[in-house]
4 protein chains.
Amino acid sequence: MIRFNNDYNHGAHPAVLEALNATNHESYGGYGLDEWCEKAEAEIKKYLDCPDARVHFLLGGTQANYTVIASALRPYQSVICADCGHIHTHETGAVENTGHKIQALPSRDGKITAAQIAAEAELYRASDVQEHITQPGMVYLSFPTEFGTIYSLDELKAIRQVCLEYGMYLFIDGARMGYGLAAGSCDVTLKDIAALSDVFYCGGTKCGALFGEAVVLTNPALMTGFRSCIKQNGAMLAKGWLLGLQFYTLFQDGLYFEITKKAVSYAMQLKDAFAKKGIPAYIESPTNQQFVILENSVMEQLSRKYIFEYELKIDEDHSCVRFCTSWSTTQEEIDALVSDIAAL
Amino acid sequence: MIRFNNDYNHGAHPAVLEALNATNHESYGGYGLDEWCEKAEAEIKKYLDCPDARVHFLLGGTQANYTVIASALRPYQSVICADCGHIHTHETGAVENTGHKIQALPSRDGKITAAQIAAEAELYRASDVQEHITQPGMVYLSFPTEFGTIYSLDELKAIRQVCLEYGMYLFIDGARMGYGLAAGSCDVTLKDIAALSDVFYCGGTKCGALFGEAVVLTNPALMTGFRSCIKQNGAMLAKGWLLGLQFYTLFQDGLYFEITKKAVSYAMQLKDAFAKKGIPAYIESPTNQQFVILENSVMEQLSRKYIFEYELKIDEDHSCVRFCTSWSTTQEEIDALVSDIAAL
Amino acid sequence: MIRFNNDYNHGAHPAVLEALNATNHESYGGYGLDEWCEKAEAEIKKYLDCPDARVHFLLGGTQANYTVIASALRPYQSVICADCGHIHTHETGAVENTGHKIQALPSRDGKITAAQIAAEAELYRASDVQEHITQPGMVYLSFPTEFGTIYSLDELKAIRQVCLEYGMYLFIDGARMGYGLAAGSCDVTLKDIAALSDVFYCGGTKCGALFGEAVVLTNPALMTGFRSCIKQNGAMLAKGWLLGLQFYTLFQDGLYFEITKKAVSYAMQLKDAFAKKGIPAYIESPTNQQFVILENSVMEQLSRKYIFEYELKIDEDHSCVRFCTSWSTTQEEIDALVSDIAAL
Amino acid sequence: MIRFNNDYNHGAHPAVLEALNATNHESYGGYGLDEWCEKAEAEIKKYLDCPDARVHFLLGGTQANYTVIASALRPYQSVICADCGHIHTHETGAVENTGHKIQALPSRDGKITAAQIAAEAELYRASDVQEHITQPGMVYLSFPTEFGTIYSLDELKAIRQVCLEYGMYLFIDGARMGYGLAAGSCDVTLKDIAALSDVFYCGGTKCGALFGEAVVLTNPALMTGFRSCIKQNGAMLAKGWLLGLQFYTLFQDGLYFEITKKAVSYAMQLKDAFAKKGIPAYIESPTNQQFVILENSVMEQLSRKYIFEYELKIDEDHSCVRFCTSWSTTQEEIDALVSDIAAL
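Below you will find a few notes about this structure. (Residues numbered from 1 in each chain as written. Chains lettered and ligands numbered in written order. Predicted model: local features only at pLDDT ≥ 70, side-chain atom pairs only at ≥ 80, totals over all residues. Heavy atoms only, no water.)

Superposition record for chain C on chain A: RMSD 0.0 Å, screw rotation 180 degrees, translation along axis 0.0 Å. As the rotation angle and translation indicate, the two copies are arranged about a two-fold axis. Relative to the rotation axis, the C-alpha of C:R74 is the closest in chain C, positioned 3.9 Å from it. Comparing interface residues between copies, 100% of those in chain C also sit at the interface in chain A, which points to an isologous, same-surface contact. (Least-squares fit on C-alpha atoms with pLDDT ≥ 70 in both. Contact = heavy atoms within 4.5 Å.)

Structure, rendered in structure tokens:
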């Protein structure tokens, strides 16, 4: 069986594992106060234009999301996101568990617009019973989105403008950041992400690391007490250098971008194969996740050889499924699937 | 100016105030452990068929709502409600502040259906990633709803059936219970409410008391530790007898039902007056809240003499507003408004 | 039976009830946005020297305590208090329920010292693992304390100094403020309380009101969003004018101070009676709560005619009990008890 | 520099890293639903006598602690622990952040007794104001304790008895479980730990794994919803097999016990060396942590070659410090330090 079900079904990129092997006999200080975390922070910051940014390494996406949100907001503040946002749909109410309401807006292609966000924030500003409703204090976006789509630079700039206008932080979940930046249609750089957001992260779990997310705080207002929040939320790894080392390995020579770019090129081969066969996309995605609508019989046929993710029922005879490439996908795996699609 | 803006703009029904005056020189035990709370519980239970029910007196609706919900749910459980539900729209995220997600469903006439609730609950039951989503542990209804409408007995029975089927508690917010039961079209009794729900409350604040809500627990599973939750949530009044005394006064001879019935009859006079004038209802309400669509010029004209609540903009020239009667409304006030409507 | 068990066993001072009667036919805006709340705020501020202070009226002490604390602190911050502090011992973990740790210090005569607080705060400042411990962000004092004792002006000034030095808010719980200020040995004024704290409250529940606490914010940093926190914590009374009216009545002509002063003079008569009889005080209290050590046989004898509060076992034959006077205590009640003590 | 500062300053035991290397090219299902987690659970259960126990793999100690506690307790319940308990002193208020109060009892040699626990629980049971205080719902112990000491079988049995008597769960934090079981004086087996507690964990982070704690639930009442709590608290690793694989490697042939036993034998060599030199122990520890009282000059001298942890000031001239061995300590490192101690 070949797995296209997600982008976290393999261990680590060989270079990452090699680094862990090479340093396993060394000893380090704990809790992220070590040379590798320092070096990794420096490497990541080379891609930004924020000399004062601070980088913290957390273990996973859910943890990063609720820790950032709980740290940033006052008790009566809420966070705006797309109705398909990961914090709203797949994190077991982790954000609410920290006490904060999520204001989910209808999404299109996985995205929400500056206009929608402004309208939602305006509801609060214009309200004459403000104390009876939560104040939107943050906007949460995913780049790329849950459906693999990406925001354009103009879209991000417009959202940023709304955030400034209404006094909201902008938080960009980059669990799949590498795949988003590698999209052919992407006109955004990590520098833009950093300049336009108050906090974002570059995912490691799905982009070549064993685990880990590099949370970048660019807004100084968010820095005070952030390490305390990390610890309080169980997100401070005792052997913190394991995270620093992995991110150093991924960022120091651009490996992060190289392997996610390759994964996206593989996804484009799949996209083309489906298109050529007349199998429609559920959403047009330029990144490593491809959502297509299969006849159920085809779905069943492909599932004998490939593992992919069932998403939802389209009608009695059709289903939406996801094929996902990753840094660990090989050309052989792609060739097999492309050939099997063609032969359907 | 005559106030039709809400049903909590006056103090207490004279009988309630009289009771407070009559007992002001007496001394009592604290924290709801007094004879008046006992007597009030007994009076309320006369209207139910639940000999083992327990009645607790809290101070207000928001407090009652989040205390009940936080007491009933495990950390990963959520509560289903209508998208216009008070807990979702007007309580500053109080429920989320206790750690629980609200799953809001689209409402029609302020209501949600058994089928909708079942579908939402089924999403969880049928999920193969249950640990990634919250488990609906409770359904929250308002009787009457935010728009003054009421559930029929059949509707409540169907919802109850779904709750049993999916292992969810049914919680009925009765901040305006008296007005709901007094509706001409109402085929539900307080006995039904008690039999079909696990917990509900009869509001005092809006129905003749200075303040206070009588929370009735019928499901024994909800009783353990409930007083601890009341105290922890700041909802235990030191001079608890003030609540017991008010509810005893309201329930001991049916005053609660008498005054809310009168208020509803007043509302029906308004309803008729608007209808006669061709002023359309926004939603057909059989209770003390009447939502109508006024031309803005008419709205302005009426607002010179009456205070009523602006709800939302319908179009450039029309607005939805609410006229609310209450236990304190007088026939003179109604006559004045009816006459002014006729003269428009 | 005559009640000396606490200071909240009667309704309201007649003047308060009279005010409620006199205005019961009037109608007001809701949620504390009414003329009585405004007037009450103005009256209270006459006793302060803080033109920019803001006064909010909450319903009870537990509610006031956790709402203030939750509103003021970041998630990783804790509150320092005496080990006998009400928030630590009698509020069912309400503060922890909002997510904050209490750092309880050993008390003497119900009080903690500036030196103790500084030492505790220094533990954090000097720590090289700050992220692993909570940061004290607030000091909570009671004036008077749980044992009826009071802080001197010098003590408060010293504590204030420590708070400034370590960046902590000072919060003074004044549930019995009136009784404290009325103590013969008190060298503190309400002006001092306001000048030395960031937030404090004057209790109504125990000092003549039916219920209610007047929370005074003097530090502007605490004002943003405070009404939202009130609502979120179920502490916003729909008929907010009921609170404003009561506090206006109590403060407009100094009634608050007059009735608590009388209660303290009654307590001094009890204190003298016990001393004359050779019955030792458990703690020397200059306020309305008197803690004495009774032989169990005496305790039993007195309990046939008086209700008072058992505190703790001293030894096999002796117990500490509390006799509490209040605004509702009468000279006749005092005379009876004084005479019975003399006759023991 | 040689590190004796803690037991988590190196990567993983070579066998663990080898297992990661050997499986890195494989793909697995996510979130702990994989063959390695299953196998690891089976291996761990071989050491227990609880066929129905369930094993979950979390990432670190703080996370395991608060997730277990938050999952087990009702909102008004608290957890009893030693005043030196890790949850009380070094986790940034993580337990309080989930809403629960900690009731810390004075410890002796890092331990609390059954009698102390019973007395604390009795305070609640005997209280006539139960709703005003938190209910102890769980006892938290560490095995070994923060000071390296261990509970005897009789002590654990007595504590268990108290827990049963008062309806409290017993939770044993075994972040250093392997070192505790390896103590010469230990008369407790993992079977006993499982039989006497409702939930416990075997630490991996400090005992040979890169990271991870194996949480064992033996009480079925704690199992419902536990995976939801794991996810909600950010404790569910996407690549869960990384945890299963590590624990399988450590437990499948007893490696876990072998390497911790060796570390304890090293610690005993240090203990003897200090004793021989007349350097007093701060606390007599039979496990891998040795606390000794050094003259400050000696402390400084040793710190030129060794890294160890400063604990606290004893007097002007003496300090308590900790020397910690681990699975990664070598005989050469021990020999060096022993020789340097002898030469002092």
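Before going further, it helps to spend a moment on the environment of C:K191. Residues and elements named next belong to chain C. Among the secondary structure elements, K191 is positioned in helix α9 (residues 190-196). Between the C-alpha atoms of K191 and G208, which are 17 residues apart in sequence, the distance is 21 Å. Every residue in contact with K191, bar those within four places of it in the chain, is listed here: Y47, L48 and D49. (Helix = DSSP H or I, 4+ residues; strand = E, 2+ residues; numbered from the N terminus.)

So, on to the sheet that holds strand β8 (residues 213-217) of chain C. All names here are of chain C. Here we have seven strands laid out as an open sheet, ordered β2-β8-β7-β6-β5-β3-β4, and mixed in their pairing. Strand pairing shows two members of the sheet lacking a second neighbour, β2 (54-58) and β4 (102-105), which therefore form its edges. Recorded for the sheet is a direction-independent mean angle of 25 degrees between the axes of neighbouring strands. (Pairing = 2+ DSSP bridges. Axes fitted to C-alpha atoms, helices over the stretch in contact; angles between N-to-C directions.)

Further remarks concern the side chain of C:T329. Residues and elements named next belong to chain C. Position of T329 relative to the elements: it lies in the loop between β13 (318-324) and α14 (331-342). For T329, a relative accessible area of 5% corresponds to the buried category. At 2.7 Å, the side chain of T329 and the backbone nitrogen of S326 are in polar contact. Setting aside residues no more than four positions away along its own chain, T329 makes contact with F4, Y266 and I334. (Buried < 20%, exposed > 50% of the residue type's maximum accessible area, 1.4 Å probe, protein only. Polar contact = N/O pair within 3.5 Å; in protein donor to acceptor, adjacent residues only side chain to side chain.)

Each side of the interface is counted separately: chain C has 18 residues, and chain A has 19 residues. For the chain C and chain A pair, buried surface summed over both sides reaches about 1,700 Å², with 50% attributable to carbon and sulfur atoms. Ranking the residues of chain C by area buried against chain A places C:Y76, C:E131 and C:H132 at the top, with a combined share of 35%. If you look at where chain C meets chain A, you find two salt bridges. Of the charged contacts in the structure, one is a salt bridge between A:E131 and C:R227, with a shortest N-O distance of 2.8 Å. (Buried area = accessible area lost by both parts, 1.4 Å probe. Salt bridge = Lys/Arg side-chain N within 4 Å of Asp/Glu carboxyl O.)

Before going further, it helps to spend a moment on the pattern of salt bridges. All chains considered together, the criterion is met by 52 salt bridges over all chains. Among the salt bridges present, the one from B:E96 reaches A:K101, with a minimum N-O distance of 2.5 Å. Pair noted here: B:E96 is in helix α5 (residues 94-97) and A:K101 is in the loop between α5 (94-97) and β4 (102-105), and the two residues belong to different chains. A:K101 matches B:E96 in its accessibility class, with the two residues each being buried.

As a further point, take the state of the cysteines. All names here are of chain A. Taken as a whole and judged by the stated rule, the model has zero disulfides over all chains. In this structure C324 is not part of a disulfide, and its nearest cysteine sulfur, from C207, lies 10 Å away. On the accessibility criterion, C324 (1% relative accessible area) is buried. (Disulfide = S-S within 2.5 Å.)

Moving on: the sheet that holds strand β4 (residues 102-105) of chain B. Residues and elements named next belong to chain B. One open sheet accounts for seven strands, arranged β2-β8-β7-β6-β5-β3-β4; its pairing is mixed. Both edges of this open sheet fall to β2 (54-58) and β4, since each of them pairs with a single strand only. When the angles between neighbouring strand axes are averaged without regard to direction, this sheet yields 25 degrees. Sheet topology places strand β7 (residues 199-203) next to strand β8 (residues 213-217); five bridges connect them, and they run antiparallel. What sits directly across from G203, in β8, is E213. Strands in contact with helix α3 (residues 61-72) are β2, β3 (77-82), β5 (135-142), β6 (169-173), β7 and β8; relative to β6, the strand with the most contacts, it is inclined by about 175 degrees.

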